[in-house]
Amino acid sequence: MASTTDSTDTRHPAPQDFPLALFERFPALIWRADQYASCTYVNRTWLEFTGRALERELGDGWTAGLHPDDFDRCVSAYLGHFAAQTPLEMEYRLRRHDGEYRWVIDTGRPIHDESGAFAGFIGFCLDITDRRNTEAELRERETHMRTLLASMGEGVIMRDANGMLQLHNATASEILGLSDAEMSELHLQGDFSLYLDEYGEPIKRSEIPAIQALETGKPASGMLGVNRGDGTRRWVWTNAVPLFEDESSTVRGVVTTIADITVRRSHEEQLKLAWTVFSNSIEAIIVTDANERILSVNRAYTEVTGYTEAEAIGTTPPLLRSGTHDQSFYEAMWQDIEILGFWQGEVRDRRKDGSFYPSSLSISAVRDMSGRLTHYVAVFSDITERKASEARIAFLAHHDPLTGLPNRSLLHDRLEQALANAARQGNRIALLFLDLDRFKTINDSLGHLMGDQLLQGVARRLSNCVRGTDTVSRQGGDEFLIVLTGVDSPDDAARVAEKILVQLEPPFEIDNQQLGTSFSIGIALYPEDGASVEVLMKNADTAMYHAKESGRNTYRFFDEVMNVNALERLHLENGLRRAIEQREFTLHYQPQVDLSNNRIIGVEALLRWFSGVMGGISPARFIPLAEECGLIVPIGEWVLQTACRQARSWQDQGLPPVPVAVNLSAMQFRRTDIVATVARALADSGLDGTWLELELTESLLMQSGPDVEAILGRLKALGVRLSIDDFGTGYSSLAYLKRFPVDRLKIDQSFVRDITDDPDDAAIVRAVIQLGHSLRLEVIAEGTETPEQMAFLRDEGCSAAQGYLFSPPLPADAITELLRVGILPAAPIVPH
């Protein structure tokens, strides 16, 4: 057990002031430690007790004698007291020279040098194993306890069950301002008129902690005020602990410790007042006493009014009255403050220079715990800025706050007006829909601040590409719209689009970094491509997507073929939604083999869609669409559930267990509680996490926010394996390989395809394999299709591979037969 007592002053002489020679044969085990908690001295009694040499006890060597069950508790408490510089008292078992562990009570006090700086601890240990055996040991302990009491910075008072004083230390006499003779008369049946409760009122007998402890048999504590004989008042914190007869519940006395908290209480009161005054320091604040005399003002007050602090202190708030309010106004104000404790409203104030300004003012009455009025606090602000802010808000309602460009609402209004004018005058209008290419990569890799600065730079260049009569608008994110009026022909719109692309060619200089970007631009014309705002925006958006599909950094005009493609895409999306309900998805599995023996060591689950209406659809068509429209989340969960159930089914059939690898999309990782999803799939299927491998892309790990490391740790706690899919095609950061708990690197098939012909690809694959070995990671190559590729991979030390050389993705039944065999021949298989 470790016990501590609070103390406001525990300073004691530095180690050099103690006559250490006197302690050498002291019956207690004396120790001393420096300010770094390192033991610097033990007396001869200690050495004889432990039977160890002095040099083995110094530093932290003394801990070698601690009982293993007490070690953590003892060392933790010891270091905690050193850190807090608070007295320590704890009991633990210490090994004696004969090998027996003896219980000791260890008492230590912080010591300080002549300058008052903390110099360490000095303490002593008493063997209390046989404390009930002899009265001599009891007397020895009492002697040491009195020595401890005399050195304590807290006051200690012990009374018997009748409240009569039995002992006290000098600190108690000093705090209470009483002589030893006066202390002897300090019993719990005496006069308590000198003592106050925490509110400064005479204390009731029943509120004194020592009496509470005696009467209830439970510890009690509280704050007391003491009116000392010298006329000063001290505030103390008292802790009273009852003492019991041995092995009974009969109270035989009470020990009270008292700590002087006068200074601390004063500071707390000052901090409380300071918090009240300055918690809203952005606004001007006045604090007055109960008689309305100003006690304090803040800096904002002087800035608003022009009055200095010296000019305001001691005056009354009427100095601010401008004369524009009559006496009845102020009478009503103070009546509300008196009755309600609060008033709020607007007044017209005058600065020191005589100028007027509108002010929003609130006045609060401050009362103490007894309800007595102590202060008034007035908070006010010059609302001239508020009106400017209202104008700013009106601007922001129609403009983008980041770039200052017209927003979606204002663009809509201007486009409607332009269409109406064009209809009357027979003119043509061009609407350009612009989307920054790869902006998300910049935003995620360099941060939103850099992304915002890039958007501001782009907005400036766009504004320089058009006439004053045209409108450049930011729609949000990385999308911009431009309305070109008075367009004679489509070539005019094309020239503006080309000018924009040229203007964006030079890189942007942002925070000493060169950032390059480009636009994909879609163009819709009035009246050819639509006569309403909605139709033109939709068609320009469609044209923009075709510009992206054409390689980005280009522009495309809208035509009906694009509309047909958009409808086809919509048809495919609707089919995807039905596919979930109609169970049109299935999983194929592609084996992964050990290159040393061609044994199957795992399978990768690959999604297939066989639509009842459209037939078989390539994953290259429907998976990107599923990710774009958000359907990848429920589809991904279905894949995870199905793959886990299949893996467990193979195990239940008695087949050799192999891990099943499942790809996770970035949207699954960001939008769902992926840990809960994986845990649910494992629980529902009964599959142990060891047999599930999650394949994550490099970009997913780098773009999933600061919590990705914690999420991966929780996934690893489920027992699952983690692999980096398509390694080398994304960030390829060595830093994240060190941070993230991955098990395997998967070399992308784009590198494996030409390793026998392209020296660069061969070098990349070789480097990835060596990197995996260095980091103790498994390496598997996907897309292995020829014996030459397999030979290269095997020679370079790649441990595993998958591809059509071994097997194409197959239905679960076919994989079942392969698992029964267990070994795949390396024969080239033509993909189909």
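This text follows the structure it describes.
Structural notes, computed from the coordinates. (Residues numbered from 1 in each chain as written. Predicted model: local features only at pLDDT ≥ 70, side-chain atom pairs only at ≥ 80, totals over all residues. Heavy atoms only, no water.)

1. Describing the overall build of the protein chain
Here's step 1: Counting its regular elements, the protein chain contains 30 helices and 34 strands.
Here's step 2: Buried residues in the protein chain amount to 46% of all 832 residues. (Helix = DSSP H or I, 4+ residues; strand = E, 2+ residues; numbered from the N terminus. Buried < 20%, exposed > 50% of the residue type's maximum accessible area, 1.4 Å probe, protein only.)

2. Things to note about unusual backbone geometry
Here's step 1: A cis geometry characterises the amide bond from tyrosine 526 onward to proline 527, with omega recorded as 10°.
Here's step 2: Within the secondary structure, proline 527 sits in the loop between β23 (519–526) and α18 (533–549).
Here's step 3: The phi dihedral of glutamate 292 falls on the positive side, at around 70°, and the residue is not glycine.
Here's step 4: Within the element layout of this structure, glutamate 292 appears in the loop between β13 (284–289) and β14 (294–297).
Here's step 5: Phi at asparagine 512 takes a positive value of approximately 65°, unusual for a residue other than glycine.
Here's step 6: Of note, asparagine 512 is situated in the loop between β21 (508–510) and β22 (513–515).
Here's step 7: Since its relative accessible area comes to 73%, asparagine 512 is described here as exposed.

3. Topic: the pattern of salt bridges
Here's step 1: Counted by the stated rule, this structure contains 37 salt bridges.
Here's step 2: Lysine 716 serves as the salt-bridge partner of aspartate 743, at 2.8 Å between the closest nitrogen and oxygen. Highlighted residues: aspartate 743 in the loop between α26 (734–739) and β31 (744–747) and lysine 716 in helix α25 (residues 708–717), separated in sequence by 27 residues.
Here's step 3: Judged by its relative accessible area of 19%, aspartate 743 is buried.
Here's step 4: A relative accessible area of 27% means that lysine 716 is categorised as partly exposed.
Here's step 5: Taking the shortest distance from any N to any O, the salt bridge between glutamate 817 and arginine 820 comes out at 3.8 Å. Taken together, the residues glutamate 817 and arginine 820, both in helix α30 (residues 812–821) and three residues apart, mark about one turn of the helix.
Here's step 6: Via salt bridges that share partners, Arg96, Asp98, Glu100, Arg102, Asp127 and Asp130 belong to a single interconnected network. (Salt bridge = Lys/Arg side-chain N within 4 Å of Asp/Glu carboxyl O.)

4. Describing the nonpolar core
Here's step 1: Residues Leu692, Leu715 and Leu793 are the most contacted members of the largest nonpolar core, which totals 80 residues.
Here's step 2: Considering every element that reaches this core, the biggest residue donor is helix α21 (residues 632–652), with nine residues.
Here's step 3: Excluding residues that lie within four positions of it along the chain, leucine 793 makes contacts with Leu595, Val752, Ile755, Val765, Ile769, Ala781, Thr784, Cys798 and Ala801.
Here's step 4: Grouped together as the second largest cluster of nonpolar side chains are 35 residues, Ala430, Leu455, Ala494 and Ile510 included. (Core = buried A, V, L, I, M, F, W, Y, C linked by side-chain atoms within 4.5 Å. Contact = heavy atoms within 4.5 Å.)

5. Concerning the sheet that holds β23
Note: strands within a sheet are paired through backbone hydrogen bonds, in either parallel or antiparallel orientation.
Here's step 1: Strand order in the open sheet formed by five strands is β19-β20-β18-β23-β24, and the pairing between neighbours is mixed. The open sheet has two edge strands with one neighbour each: β19 (471–476) and β24 (554–557). Averaged over all neighbouring strand pairs, the angle between strand axes comes to 20°, with direction disregarded.
Here's step 2: By the bridge criterion, four bridges tie β23 to β24 in an arrangement that is parallel. Within the sheet, the bridge partner assigned to glycine 522 lies in β24 and is arginine 556.
Here's step 3: Sheet strands in contact with helix α17 (residues 490–503) are β18 (428–436), β20 (479–487), β23 and β24, and its direction is about 165° off that of β23.
Here's step 4: Sitting on the sheet, α18 touches β18, β19, β20, β23 and β24, and the angle it makes with β23 is about 145°. (Pairing = 2+ DSSP bridges. Axes fitted to C-alpha atoms, helices over the stretch in contact; angles between N-to-C directions.)

6. Digging into the sheet that holds strand β17 (residues 373–382)
Here's step 1: Strand order across the open sheet formed by five strands is β14-β13-β17-β16-β15, with antiparallel pairing between neighbours. Because the sheet does not close on itself, it has two edges, and the strands there are β14 and β15 (342–350). On average, each strand axis in the sheet is tilted by 25° relative to the strand beside it, whichever way the strands run.
Here's step 2: Relative to β17, β13 runs antiparallel, the two sharing six bridges. Each bridged residue has a counterpart across the sheet, and for valine 287 the counterpart in β17 is valine 377.
Here's step 3: Its contacts with the sheet place helix α12 (residues 327–340) against β15, β16 (356–367) and β17, and it is angled at close to 150° to β15.
Here's step 4: On the sheet, helix α13 (residues 384–396) packs against β15, β16 and β17 and is oriented at approximately 115° with respect to β16.

7. Digging into the pairing of β16
Here's step 1: Pairing geometry for β15 and β16, over nine bridges, is antiparallel. Looking at β16, one finds that valine 347 is bridged to serine 359.
Here's step 2: Joining the antiparallel neighbours β15 and β16 is a turn of five residues, in which glycine 354 adopts a positive phi near 95°.
Here's step 3: Pairing between β16 and β17: nine bridges, direction antiparallel. Residue serine 362 lies in a different strand from β17, and its bridge partner there is valine 379.

8. Some points on the side chain of aspartate 160
Here's step 1: Within the element layout of this structure, aspartate 160 appears in strand β7 (residues 155–160).
Here's step 2: Here aspartate 160 sits buried without a salt bridge, and the closest side chain of opposite charge, arginine 159, lies 7.7 Å off (N-O distance).
Here's step 3: Reaching out from aspartate 160, the side chain makes a polar contact with the backbone nitrogen of asparagine 162 at a distance of 2.9 Å.
Here's step 4: Engagement of the side chain of aspartate 160 in a polar contact is seen with the backbone nitrogen of methionine 164, the distance being 2.9 Å.
Here's step 5: Those residues in contact with aspartate 160 that lie beyond four places of it in its chain are Gln166, Leu214, Arg252 and Gly253. (Lys, Arg positive; Asp, Glu negative; His and termini not counted. Polar contact = N/O pair within 3.5 Å; in protein donor to acceptor, adjacent residues only side chain to side chain.)

9. Considerations on the packing of helix α14 (residues 408–425) against α18
Here's step 1: For the pair α14 and α18, interaxial distance at closest approach is 10 Å and the crossing angle is 110°. By the angle between their axes, α14 is roughly perpendicular relative to α18. For α14 against α18, the interelement crossing comes out right-handed. Contact residues: Arg408, His412, Leu415, Glu416 and Leu419 in α14; Val533, Glu534, Leu536 and Met537 in α18.
Here's step 2: Partitioned by chemical class, the residues of the contact of α14 with α18 number five nonpolar, one polar and three charged. (Parallel < 35°, antiparallel > 145°, perpendicular 65-115°, else oblique. Left-handed = near helix turned anticlockwise from the far one by under 90°. Nonpolar A, V, L, I, M, F, W, Y, C, P; charged D, E, K, R; others polar.)

10. Some points on the packing of helix α23 (residues 674–685) against α25
Angle between the axes and distance between the axes: these two values describe a pair of packed helices.
Here's step 1: One can describe the packing of α23 onto α25 by two numbers: an axis separation of 9 Å at closest approach and a directional angle of 15°. By the angle between their axes, α23 is roughly parallel relative to α25. Crossing of α23 over α25 shows right-handed handedness. Contact residues: α23 offers Ile674, Val675 and Val678, while α25 offers Ile711, Arg714 and Leu715.

None of this, on its own, says anything about what the molecule does.
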